[in-house]
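Structure at a glance
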Amino acid sequence: ERARQGTGDPGLRMRLLDLEASLLGTQREFALALPRLTSLAELHREQGDPHQEGRALVSQALYTFYGGRPRRALELNSEALGLIDEEREPSLAAVAAKNQLLFLVECGQYSEAKKILFKNRARFTDLGHILRLRVRWIEGRIDHGLRQLDRAEAALREVKRGFEEAGTGFHAALAGLDLALTLVCQGRWDEAVAETLQSAAMFEALTVY
């Protein structure tokens, strides 16, 4: 309200849009956050800052994905990757590349995801521990999609153990479900059931239904 009564400074407006979109995203109000991010990207474009435009598009792509539109998310993230200045913010480039992998997997484009993973392997080494686990998780899903089931199993077991050790039981349980699917594809039904029950017990303990 005060900003509307003020000078109309675009820098202030962009900062407020950024904060508001982040707040709405934390509240999982993705449909409300997306118009703010669209406006934010347009303002950065008008200000001649493609890197910040790319940053807004990375968030827009992720919230679009959370809203159940992985193909549109892939389009937005691809645009963002072309705008981001990696020297200016290498961590943002790495996160955008990681998201690209996730969106490709969700769209069933496993071969393309494998190429992106190989191309960005060195970039991902600078990510934090949890984000590296997430990349490894996506790698396991890629191997599953390509029917390299032994490799997928090894990756998913590593990820599940890593999340357990990090105290993030919810993500460990989700990884366990992906592991169970891989075991089913190998015809190892008893092990798959055991993994599924472990995940179900974790969800129940976390009151996730």
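Below is a short write-up of the structure.

Describing the packing of aromatic side chains
Throughout the structure, instances matching the rule amount to six aromatic pairs. Taking the centre distance of 5.5 Å and the plane angle of 70 degrees together, the rings of Trp137 and Phe163 count as edge-to-face. Placement of the pair is Trp137 in helix H8 (residues 129-145) and Phe163 in helix H9 (residues 149-165), with a sequence separation of 26 residues. Of the two residues, Trp137 and Phe163, both sit in the buried class. A cation over a ring is seen here: Arg28 above Tyr66, with NZ or CZ 5.9 Å from the ring centre.

Considering helix H10 (residues 169-185)
In this model H10 runs 25 Å from its N-terminal to its C-terminal C-alpha over 17 residues, within 8% of the 24 Å that 1.5 Å per residue would give. Within H10, the full set of buried residues consists of Gly169, Ala172, Ala173, Ala175, Gly176, Asp178, Leu179, Ala180, Thr182 and Leu183. Looking at the buried residues of H10, the elements they touch are H8, H9 and helix H11 (189-205). One or two steps after H10, the chain reaches Gly187, where phi turns positive at roughly 75 degrees.

A few points about the layout of surface pockets
Space inside the largest pocket adds up to approximately 830 Å³. Along its surface, the largest pocket is lined by 26 residues, and Leu62, Phe65, Tyr66, Leu102 and Arg134 are the ones closest to its centre. Those elements that place two or more of their residues in the lining of the largest pocket are helix H4 (50-66), helix H6 (90-106), H8 and H10. Sorting elements by how many residues they give to the lining of the largest pocket places H6 first, with seven residues. The residue inventory of the lining of the largest pocket, partitioned by class, reads 13 nonpolar, five polar and eight charged.

Rules behind the numbers
- Residues numbered from 1 in each chain as written.
- Predicted model: local features only at pLDDT ≥ 70, side-chain atom pairs only at ≥ 80, totals over all residues.
- Heavy atoms only, no water.
- Phe/Tyr/Trp six-rings, centres within 6.5 Å; stacked < 30°, edge-to-face > 60°.
- Helix = DSSP H or I, 4+ residues; strand = E, 2+ residues; numbered from the N terminus.
- Buried < 20%, exposed > 50% of the residue type's maximum accessible area, 1.4 Å probe, protein only.
- Lys NZ or Arg CZ within 6 Å of the ring centre and 35° of its normal.
- Expected span 1.5 Å × (residues − 1).
- Contact = heavy atoms within 4.5 Å.
- 1 Å grid on protein atoms, 1.4 Å probe; cavity = no way out; pocket = protein on both sides within 12 Å on 5 of 7 lines; lining within 4 Å.
- Points joined across faces, edges and corners; volume = space filled by probe spheres on them.
- Nonpolar A, V, L, I, M, F, W, Y, C, P; charged D, E, K, R; others polar.

These results come straight from atomic positions and should not be treated as a statement about function.
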